[in-house]
Amino acid sequence: MLIALSVLWGGSFFFNGVAVQELPSLTIVLARVGIAALTLWAVLTLMNIRMPRMKGLWSAFFGMGLLNNAIPFALFVWGQHYISSGLAAILNATTPLFTVLVAHFLTHDEKLSAGKIAGVALGLLGVILMLGAELLAGLGTGLVAQLACLAAALSYAFAGIFGRRFKRMGVPPLATATGQVTASSLLMLPLVLLVDHPWNLAPPSIQAWAAIIAIGVASTALAYVLYFRILAAAGATNLLLVTFLIPISAILLGGLFLGESLATKHFIGMGMIGIGLLLIDGRISAFRARKQ
């Protein structure tokens, strides 16, 4: 299931890479969350899961939809107009690094430790290495696109902290997923009408339609179903392993079907981020302790 999830989420960067060739960013995001919402409502109905009714639930859904869908999806899709899907996926892998920092300041039970500090430092050095000389050459479009992807990863980090409230509220995970993509669809609709004027867009090709449907049904709706099944069966720590696998899936798909390539510094940076994640979740310390 973990490998399947990595392919689905890594595939989202590939499908974005196909869709951005014909459609504007906000339209792609609306199509993605709208299709995912319809799919998940159907799944809720088939599984006979009712959406809870409680005060403040939908305002929480809108907050989660903004932080976990609307903002990061739009930033990643926009960024992929200018950088490869593989590089976008690598930058997405910084999400746990940002989560550690955000959790330290916004929670009382997830404070920084020496291992986490070392992991964050190494991971951020990996990011700096990937950005490379562009940091010194001024804010070119490529650098701005990479910074947009990092901002999206930061938004995911805030969403991870914000989303803890749904467990306290007793909302079933699948209902949470359905509520957030529904809310993000409602958030995106007026923006798309105002900015993209979809009625003026040229009809997308069959390939673009296929990418949009795939990213909505597979990379969003089905991915959420798998995500919550793994979370229940293996726990959050093991689920974090998917972060290592997503860039691999995105790089392979982008290289095979989109003709994309990455520089050596991107692979080194990805390795540094991976080691940083191992330090953050304690795997390296636990391995050394077993050896001793």
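Every chain's residues receive numbers from 1 upward, in the order its sequence appears when written. Given that the model is predicted, a residue must reach a pLDDT of at least 70 before its local features are reported, and side-chain atom pairs must reach 80 or more before they are shown or counted; all residues, however, enter totals for whole chains, interfaces and linings. The side-chain numbers reported here are obtained from all heavy atoms of the structure, hydrogens and water having been left aside.

**Let's talk about the overall build of the protein**
Put simply, the rule is: Only DSSP runs of H or I covering at least 4 residues are called helices, and only runs of E covering at least 2 are called strands; the numbering of each starts at the N terminus. Each residue gets one of three labels from its accessible area relative to the maximum for its type: buried under 20%, exposed over 50%, partly exposed in between, using a 1.4 Å probe on protein chains only. In this analysis, two residues are considered to be in contact whenever any of their non-hydrogen atoms come within 4.5 Å of each other.
Summing up its helical and strand segments, the protein has 13 helices and zero strands in all. Counting from the amino terminus, helix and strand elements in the protein follow one another as α-α-α-α-α-α-α-α-α-α-α-α-α. By residue count, 48% of the 292 residues in the protein fall in the buried class. Within the protein, contacts between residues separated by at least 24 positions form 87% of all contacts whose residues are at least 6 apart in sequence.

**Some remarks on the side chain of threonine 94**
Test applied: Think of a polar contact as two N or O atoms within 3.5 Å of one another; within protein, one of them needs to be a possible hydrogen donor and the other a possible acceptor, and neighboring residues in sequence only count if both atoms come from side chains.
The residue threonine 94 is located in the loop between helix 4 (85-92) and helix 5 (95-106) in this model. Classification of threonine 94 as buried rests on a relative accessible area of 1%. For threonine 94, the side chain forms a polar contact with the main-chain oxygen of leucine 91, separated by 2.6 Å. Setting aside its immediate chain neighbours within four residues, threonine 94 contacts Val127, Leu150, Ala153 and Ile273.

**Description of the layout of surface pockets**
Put simply, the rule reads: In this analysis the probe radius is 1.4 Å and the grid spacing 1 Å, with only protein atoms considered; a cavity is a set of points the probe fits into but cannot get out of, a pocket is an open set with protein on both sides within 12 Å along at least five of seven lines, and lining residues have an atom within 4 Å of a point. Grid points are joined across faces, edges and corners, and a volume is the space filled by probe spheres set on the points. Classes in brief: Ala, Val, Leu, Ile, Met, Phe, Trp, Tyr, Cys and Pro nonpolar; Asp, Glu, Lys and Arg charged; the others, Gly included, polar.
In this structure, the second largest pocket spans a volume of roughly 220 Å³. Contributing to the lining of the second largest pocket are 13 residues, with Leu23, Thr27, Ala31, Pro204 and Trp209 lying nearest its centre. Every element with two or more residues in the lining of the second largest pocket is listed here: helix 2 (25-46), helix 9 (173-196) and helix 10 (206-239). Considering only residue class, the lining of the second largest pocket consists of 12 nonpolar, one polar and no charged.

**Some thoughts on unusual backbone geometry**
For asparagine 48, which is not glycine, the phi dihedral falls at a positive 55 degrees. Relative to the helices and strands, asparagine 48 is located in the loop between helix 2 and helix 3 (57-79). Positive phi is not limited to glycine here, since histidine 197 has a value of about 45 degrees. Inspection of the secondary structure puts histidine 197 in the loop between helix 9 and helix 10. Residue classification places histidine 197 among the partly exposed residues on the basis of a relative accessible area of 33%.

**Considering helix 4**
Judged by how many residues are buried, helix 4 sits mostly within the fold: eight of eight residues are covered. Within helix 4, burial applies to Ser85, Gly86, Leu87, Ala88, Ala89, Ile90, Leu91 and Asn92. N-cap assignment for helix 4: the residue whose side-chain oxygen lies 3.1 Å from the backbone N of leucine 87 is serine 84.

**Considering the packing of aromatic side chains**
Where we set the bar: In this analysis, rings of Phe, Tyr and Trp, with Trp reduced to its six-membered ring, are considered paired at centre separations within 6.5 Å, and the interplanar angle assigns stacked below 30 degrees, edge-to-face beyond 60, and tilted for intermediate values. Placement of a charge over a ring requires the Lys NZ or Arg CZ to be within 6 Å of the ring centre, with the centre-to-atom vector within 35 degrees of the ring normal.
Within this structure, the stated rule accounts for six aromatic pairs. For the pair phenylalanine 14 and phenylalanine 15, a centre-to-centre distance of 5.4 Å together with 55 degrees between the ring planes defines the contact as tilted. The same class applies to phenylalanine 14 and to phenylalanine 15, which are both buried. An aromatic cluster of at least three residues, connected via ring pairs, comprises Phe13, Phe76 and Tyr156. Over the face of the ring belonging to phenylalanine 73 we find arginine 32, whose NZ or CZ atom lies 3.8 Å from the ring centre. Sitting above the plane of the phenylalanine 162 ring, arginine 165 keeps its charged end 3.7 Å from the centroid.

**Description of a nonpolar patch on the surface**
Convention followed: In this analysis, a patch consists of residues with relative accessible area above 30% that form no salt bridge, clustered at 9 Å for like charges and at 5 Å for the nonpolar side chains Val, Leu, Ile, Met, Phe, Trp and Tyr. All accessibility values rest on the Shrake-Rupley procedure with a 1.4 Å probe; residue burial counts only the protein chains present in the view. Should a side-chain nitrogen of Lys or Arg be within 4 Å of a carboxyl oxygen of Asp or Glu, the pair is scored as a salt bridge.
Together, Phe105, Leu106, Leu154 and Phe158 make up an exposed nonpolar region whose accessible area comes to about 410 Å². Elements with a minimum of two residues in the nonpolar patch: helix 5 and helix 7 (141-162). For phenylalanine 105, a relative accessible area of 66% translates into the label exposed.

**Some remarks on the side chain of serine 85**
Positionally, serine 85 belongs in helix 4. Excluding residues within four positions of it along the chain, serine 85 makes contact with Phe13, Phe14, Gln80, Ala250, Gly254, Leu258 and Glu260.

**Quick word on the environment of isoleucine 275**
Relative to the helices and strands, isoleucine 275 resides in helix 12 (residues 264-280). Residue classification places isoleucine 275 among the partly exposed positions, given a relative accessible area of 41%. Distance in space between the C-alpha atoms of isoleucine 275 and glycine 126 is 9.8 Å, their sequence separation being 149 residues.

**Some words on helix 5**
Given 3.6 residues to a turn, an α-helix orients residues that are three or four positions apart in the same direction. To keep things clear, this is the line we draw: Take the number of residues in a helix, subtract one, and multiply by 1.5 Å to get its expected span.
Given a rise of 1.5 Å per residue, 12 residues ought to cover 16 Å, and the 16 Å separating the end C-alpha atoms of helix 5 matches this to within 8%. Considered for burial, the residues of helix 5 that qualify are Thr95, Pro96, Leu97, Phe98, Val100, Val102 and Ala103.

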